[in-house]
Amino acid sequence: MPAQRPGNTLAAGHSGVTGETVSALPTVEVPDRPAPARPEEPREVHVGEPLPKRRRYGGETYFKSLTTVGGSAVLAIIAAIALFLIIEAVPALSANKENFFTFTKWSPNALNDAHFGIASLAFGTILSAAIALLVAVPIALGIALYLSHYAHRRVATILGFAIDLLAAVPSVVFGLWGREFFAVPVQDLSIWLNKYLGWFPLFASDGRFGHSVLLGSLVLAIMILPIVTSLSREVFMQTPREHEEAAMALGATKWEVIRTAVLPYGRPGIVASVMLGLGRALGETIALAMTLGSSFVISWSVVEPGGNTIAANIANAFGEANDQGRSALIASGLVLFAITLIVNMTARAIVRRRKRFLAAATT
Amino acid sequence: MTTLTAATTTAVQLKAKRLPKYAPWAIAAGALLVGLGGVTFAADGGPVMGAIVAALLYFVALITIATFVEGGRAARNRAASALIGSAFVLAVLPLLSVAFTTISRGADRFDADFFYRSMNGITALNAGGGAYHAILGTLEQVGIAVLITVPLGLAGAIYVVEYGRGKLAKWIQFFVDVMTGIPSIVAGLFVLAFWVMVISPIFNDGRPAYSGFAAALALSVLMLPTIVRSAEEMLRLVPTSLREGSYALGVPKWRTILKVVIPTALPGIVTGVMLAVARAAGETAPVMLVAGGAFAINGNPFAGQQTSLSLFIYDQASTASQYAPARAWTAALTLVALVLLLTIVAKLVARRSKLTR
């Protein structure tokens with residue numbers, strides 16, 4: 001198809017097509033293709049050919065480039081996030097008197113005397129995310145299996161909607177609920193755990209209980225539950241019927257069907273959903289800023305008041321930060337961005353590998 | 001569980017022994033009785049502890065009895081069913097608790113004052129005060145974010161579905177997915193580093209300016225991937241025959257997209273936008289970093305600090321005043337009502353759509 005074409009042939013070619021199509025559709029005769037009378041002229045549009053694609057209409061190229069810009073905006077934004085975070089993080093990092101990765105305290109505001117590091121924050125982030133995943137993933141997989149294989153279809157729709165509602169509740173509301181209401185039962189649980197399992201480092205305490213890593217992690221677990229559930233549920237529902245029926249035909253019980261057919265088929269999806277939940281858990285800010293005790297020590301105890309994460313520290317320390325303090329917080333945000341980017345890219349790469357999971361990966 | 005026992009009653013002679021249909025319920029009742037009764041009244045635990053003990057008793061008793069009567073495989077099956085069912089209860093409990101707490105504690109200040117007044121001049125010692133300024137801020141910020149993201153996101157989705165071939169489209173698709181996972185605080189920091197600290201000083205005599213518009217930008221970063229993704233999904237559902245019909249009439253591709261594809265996919269796109277709005281309205285961290293927070297009414301998103309409903313909750317929750325928690329809970333009730341309303345309406349709009357997965 002030639003690229004260039006005079007503008008005035010537009011209307012002529014156009015009407016010619018529609019007219020001829022109606023009259024001569026059953027026996028399509030293909031007339032002289034290269035138009036021998038004027039060999040240097042581009043071809044006209046003929047019956048049975050698709051409309052010319054390029055350069056035909058001015059709006060087409062304009063519209064296409066507009067959408068290209070829209071699509072590229074996503075790439076541009078991600079690149080800009082990395083770029084601007086690095087630019088703004090450099091001043092504080094160069095003023096820092098300690099090792100940014102191994103120092104545990106956070107006092108970046110004094111000019112010429114900045115001391116800050118993310119060791120305790122990174123530790124707290126990983127600890128709370130790990131506990132949250134430990135609690136949430138088995139429950140979420142149970143719900144996903146319940147919705148996909150146990151519940152009645154109608155019931156599953158309604159219950160699935162309830163789980164979606166759980167995902168819609170803003171994190172600040174979870175934070176408020178966790179601090180004002182959930183803290184009491186968790187404190188009881190902490191005391192009980194400490195009383196009977198206090199020899200275990202995670203449950204050690206010097207007698208103080210309260211806004212602890214356990215509280216934050218449990219709130220976090222509730223928040224990532226719907227994310228893990230929705231993706232793994234979709235994956236479980238896509239298990240080929242033949243696999244399940246083959247297992248049943250061999251006399252498998254329902255649990256054996258799930259263990260031998262559903263879970264192996266869905267394994268990449270499970271891994272991806274856990275990674276997505278991890279990404280959310282690492283980046284969650286406000287709920288943790290409201291429920292953790294915000295300390296700067298590396299402690300394994302999950303029942304003592306304390307705990308902190310990179311994101312929660314940004315929210316807590318932002319109020320009294322000066323320019324240099326903000327720059328230091330941006331530096332910690334850069335680390336968080338890098339970690340979540342890696343986690344999310346891994347999850348998405350796993351999902352992409354199986355095209356079938358694509359539809360499930362929206363949330 | 002029920003289907004299993006129902007199936008076995010018809011073929012009971014051919015197979016091994018089965019527990020009667022009522023057995024799990026009987027075991028559950030017994031466990032509940034022993035657990036609640038024993039722990040709540042005899043030992044020092046509360047009703048919650050009693051329920052936990054009852055659940056454990058139920059599992060142990062069920063597995064033991066089933067192993068004894070039916071054998072190991074059937075027992076494992078029963079145990080798995082019971083565990084999977086109880087996982088669901090565990091998930092619904094917090095949802096109910098959040099709903100109940102928010103409604104019961106938010107009802108105190110759910111009055112006209114709350115929706116018509118701001119926090120201007122309200123100190124820690126004053127009752128009263130309201131969230132008018134916060135609601136206004138949320139609406140403006142989310143509104144601007146929608147104006148930014150809908151055209152951009154729709155264009156991106158159209159590119160990926162209709163025009164994109166080759167590497168660029170693949171990368172865009174991949175990074176849209178990755179971008180949905182960017183933490184909201186990072187989006188806030190990005191706008192802080194980019195808009196507040198670099199661009200806004202140009203308009204503000206060299207000093208960084210916090211504003212509602214900056215918050216809208218941060219929310220846009222969070223909304224964009226959600227909108228692209230959902231619009232992309234809906235555009236793919238539009239039948240190819242519709243497009244081909246339009247092409248056959250000689251309509252160019254871009255007009256086909258605007259006049260045929262988008263109108264067909266519109267309900268789904270609207271759903272995606274509303275879900276993105278619901279998520280953005282609940283975000284606190286980015287607004288806190290770039291809008292600055294405010295106590296008085298500021299209707300101008302481009303000048304002066306603003307607050308939002310979610311930031312209002314956070315502020316009130318961390319204010320040392322006996323009146324602040326009530327305000328925080330009422331704001332939480334308002335926010336949850338707003339977000340859930342958007343979510344439910346979005347789902348209903350999606351149901352009206354003729355395109356279904």
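Residues numbered from 1 in each chain as written. Chains lettered and ligands numbered in written order. Predicted model: local features only at pLDDT ≥ 70, side-chain atom pairs only at ≥ 80, totals over all residues. Heavy atoms only, no water.

### Concerning the overall build of chain B
So, step 1. Looking only at helices and strands, chain B features 14 helices and zero strands.
So, step 2. Helices and strands appear in chain B in the N-to-C order α-α-α-α-α-α-α-α-α-α-α-α-α-α.
So, step 3. Relative to its 357 residues, chain B shows a buried fraction of 51%.
So, step 4. Taking contacts inside chain B between residues at least 6 apart in sequence as the whole, the part at least 24 apart equals 70%.
So, step 5. For chain B, the exposed surface amounts to about 16,200 Å²; the carbon and sulfur share of it is 70%. (Helix = DSSP H or I, 4+ residues; strand = E, 2+ residues; numbered from the N terminus. Buried < 20%, exposed > 50% of the residue type's maximum accessible area, 1.4 Å probe, protein only. Contact = heavy atoms within 4.5 Å. Areas by Shrake-Rupley, 256 points an atom, 1.4 Å probe, with all protein chains shown as cover.)

### Looking at the UniProt feature "transmembrane region" (unreviewed entry) in chain A
Residue and element names in this part refer to chain A.
So, step 1. Within this structure's numbering, the places UniProt gives as "transmembrane region" (unreviewed entry) are residues 62-87, 116-146, 158-177, 209-231, 285-303 and 328-347.
So, step 2. Helix makes up 100% of residues 62-87 and strand 0%, with an end-to-end C-alpha separation of 35 Å.
So, step 3. With 90% helix and 0% strand, residues 158-177 has its two end C-alpha atoms placed 24 Å apart. (UniProt positions renumbered as here; feature names shortened; annotations may be inferred.)

### Quick word on the interface of chain A and chain B
So, step 1. Listed as interface residues are 87 residues of chain A and, on the opposing side, 84 residues of chain B.
So, step 2. For the pair chain A and chain B, the summed buried area comes to about 7,800 Å², and 76% of that belongs to carbon and sulfur atoms.
So, step 3. Applying the counting criterion to the chain A and chain B interface returns three salt bridges.
So, step 4. In this structure, Glu256(A) and Arg73(B) form a salt bridge, with 2.7 Å as the shortest nitrogen-oxygen distance.
So, step 5. For the pair chain A and chain B, the interface holds 15 residue pairs in polar contact (both at pLDDT 80 or more).
So, step 6. By residue number, the principal contributor to the side of chain A that touches chain B is helix H2 (residues 58-95) of chain A, which donates 20 residues.
So, step 7. Looking at the side of chain A that touches chain B, its residues break down into 55 nonpolar, 19 polar and 13 charged. (Buried area = accessible area lost by both parts, 1.4 Å probe. Salt bridge = Lys/Arg side-chain N within 4 Å of Asp/Glu carboxyl O. Polar contact = N/O pair within 3.5 Å; in protein donor to acceptor, adjacent residues only side chain to side chain. Nonpolar A, V, L, I, M, F, W, Y, C, P; charged D, E, K, R; others polar.)

### Let's talk about the nonpolar core
So, step 1. Counting residues in hydrophobic clusters, the biggest one holds 192 residues, and the most contacted among them are Ile81(A), Trp106(A), Ile143(A), Val173(A), Phe174(A), Val290(B) and Ile313(B).
So, step 2. In terms of residue count, the dominant contributor to this core is helix H3 (residues 119-150) of chain A (17 residues).
So, step 3. Every residue in contact with Ile313(B), bar those within four places of it in the chain, is listed here: Val172(A), Val173(A), Leu176(A), Ala328(B), Ala331(B), Ala332(B) and Leu335(B). (Core = buried A, V, L, I, M, F, W, Y, C linked by side-chain atoms within 4.5 Å.)

### Observations concerning the UniProt feature "transmembrane region" (unreviewed entry) in chain B
Residue and element names in this part refer to chain B.
So, step 1. Under the present numbering, the feature "transmembrane region" (unreviewed entry) in UniProt falls on residues 22-42, 48-69, 81-103, 142-161, 182-203, 209-228, 260-281 and 328-350.
So, step 2. Taken end to end, residues 81-103 comprises 100% helix and 0% strand; its first and last C-alpha atoms sit 34 Å apart.
So, step 3. With 100% helix and 0% strand, residues 260-281 has end C-alpha atoms that lie 31 Å from one another.

### Quick notes on the side chain of Asn96(A)
All names here are of chain A.
So, step 1. Looking at where Asn96 falls in the secondary structure, it is placed in the loop between H2 and strand E1 (106-107).
So, step 2. A residue is classified by how much of its surface remains accessible, and Asn96, at 12% relative accessible area, is buried.
So, step 3. A distance of 2.8 Å separates a polar side-chain atom of Asn96 from the backbone oxygen of Phe116.
So, step 4. Not counting residues up to four positions away in its chain, the partners in contact with Asn96 are Ala114, His115 and Phe116.

### Some thoughts on the confidence of the model for chain A
Residue and element names in this part refer to chain A.
So, step 1. When pLDDT is averaged along chain A, the result is 82; 82% of the residues meet or exceed 70.
So, step 2. Confidence drops under a pLDDT of 50 for residues 1-32, and excluding neighbours within four residues, the segment shows 31 contacts in the predicted structure.
So, step 3. In the model, residues 358-363 has pLDDT below 50 throughout and makes 15 contacts with residues more than four positions away in sequence or in other chains. (pLDDT = per-residue confidence, 0-100.)

### Some words on unusual backbone geometry
So, step 1. Even without a glycine there, the phi angle at Ser294(A) is positive, about 45°.
So, step 2. Structurally, Ser294(A) can be placed in the loop between helix H9 (286-291) and helix H10 (310-317).
So, step 3. The exposure class assigned to Ser294(A) is partly exposed, which follows from its relative accessible area of 34%.
So, step 4. Look at Asp205(B): it is not a glycine, yet its phi comes out positive at around 55°.
So, step 5. With respect to the helices and strands, the residue Asp205(B) is situated in the loop between helix H8 (184-203) and helix H9 (212-237).
So, step 6. You can call Asp205(B) exposed: its relative accessible area is 69%.

### Some words on the pattern of salt bridges
A side chain of one charge can pair with a side chain of the opposite charge when the charged atoms of the two come close.
So, step 1. Summed over the entire model, instances satisfying the criterion amount to 14 salt bridges over all chains.
So, step 2. The salt bridge partner of Arg105(B) is Glu180(A), with a shortest N-O separation of 3.3 Å. Linking Arg105(B) in helix H4 (residues 72-106) with Glu180(A) in helix H5 (residues 171-197), this pair reaches from one chain into another.
So, step 3. Owing to a relative accessible area of 32%, Arg105(B) belongs among the partly exposed residues under this scheme.
So, step 4. Its salt-bridge partner being Arg279(B), residue Glu283(B) comes within 3.8 Å of it at the nearest N-O pair.
So, step 5. Linked through salt bridges whose partners overlap, the residues forming this network are Arg241(A), Glu244(A) and Glu245(A).

### Focus on the packing of aromatic side chains
So, step 1. A complete count under the given rule lists 24 aromatic pairs over all chains for this structure.
So, step 2. Summarising the aromatic geometry, the rings of Phe63(A) and Trp254(B) are spaced 6.2 Å apart at their centres and angled 40° between planes, so their arrangement reads as tilted. Residue Phe63(A) is found in helix H2, and its partner Trp254(B) is found in helix H11 (residues 253-281); the two belong to separate chains.
So, step 3. Phe63(A) sits in the buried class, given a relative accessible area of 8%. (Phe/Tyr/Trp six-rings, centres within 6.5 Å; stacked < 30°, edge-to-face > 60°.)

### What to know about the environment of Leu111(A)
Residues and elements named next belong to chain A.
So, step 1. Considering the arrangement of structural elements, one finds Leu111 in the loop between E1 and strand E2 (115-116).
So, step 2. Judged by relative accessible area, Leu111 falls into the exposed class, the value being 61%.
So, step 3. Along the backbone, Leu111 and Asn322 are 211 residues apart, and their C-alpha atoms lie at a distance of 9.6 Å.

### With respect to the packing of H2(A) against helix H7 (residues 167-180) of chain B
So, step 1. It is the contact of H2(A) with H7(B), at a shortest axis distance of 9 Å, that shows an interaxial angle of 50°. Classified by the angle between their axes, H2(A) and H7(B) sit oblique to one another. Here the hand of the crossing between H2(A) and H7(B) comes out left-handed. Residue-level inspection shows Thr68(A), Gly71(A), Ser72(A), Val74(A), Leu75(A), Ile77(A) and Ile78(A) of H2(A) in contact with H7(B), the latter providing Leu168(B), Trp171(B), Ile172(B), Phe175(B), Val176(B) and Met179(B). (Axes fitted to C-alpha atoms, helices over the stretch in contact; angles between N-to-C directions. Parallel < 35°, antiparallel > 145°, perpendicular 65-115°, else oblique. Left-handed = near helix turned anticlockwise from the far one by under 90°.)

### Quick look at the side chain of Gln306(B)
All names here are of chain B.
So, step 1. As for its placement among the helices and strands, Gln306 is situated in the loop between helix H12 (285-291) and helix H13 (309-317).
So, step 2. Within the structure, Gln306 has its side chain in polar contact with the backbone oxygen of Asn298 (distance 2.9 Å).
So, step 3. The residues contacting Gln306, other than those within four sequence positions of it, are Gly137, Glu140, Gln141, Gly212, Ala291, Gly292, Gly293, Ala294, Asn298, Gly299, Asn300 and Pro301.

### So, the packing of H8(B) against H9(B)
All names here are of chain B.
So, step 1. It is the contact of H8 with H9, at a shortest axis distance of 9 Å, that shows an interaxial angle of 135°. Judged by the inter-axis angle, H8 sits oblique to H9. Here H8 and H9 pass one another in a crossing that is right-handed. Residue-level contacts link Ser184, Ala187, Gly188, Phe190, Val191, Trp195 and Val196 of H8 to Phe213, Ala214, Leu217, Ala218, Val221 and Leu222 of H9.
So, step 2. Considering only residue class, the contact of H8 with H9 consists of eleven nonpolar, two polar and no charged.

### Comments concerning the environment of Met248(A)
All names here are of chain A.
So, step 1. Topologically, Met248 is positioned in helix H7 (residues 241-249).
So, step 2. Under the relative-accessibility criterion, Met248 is labelled partly exposed at 44%.
So, step 3. Residues Met248 and Ala261 lie 13 residues apart in sequence; the distance between their C-alpha atoms is 9.8 Å.

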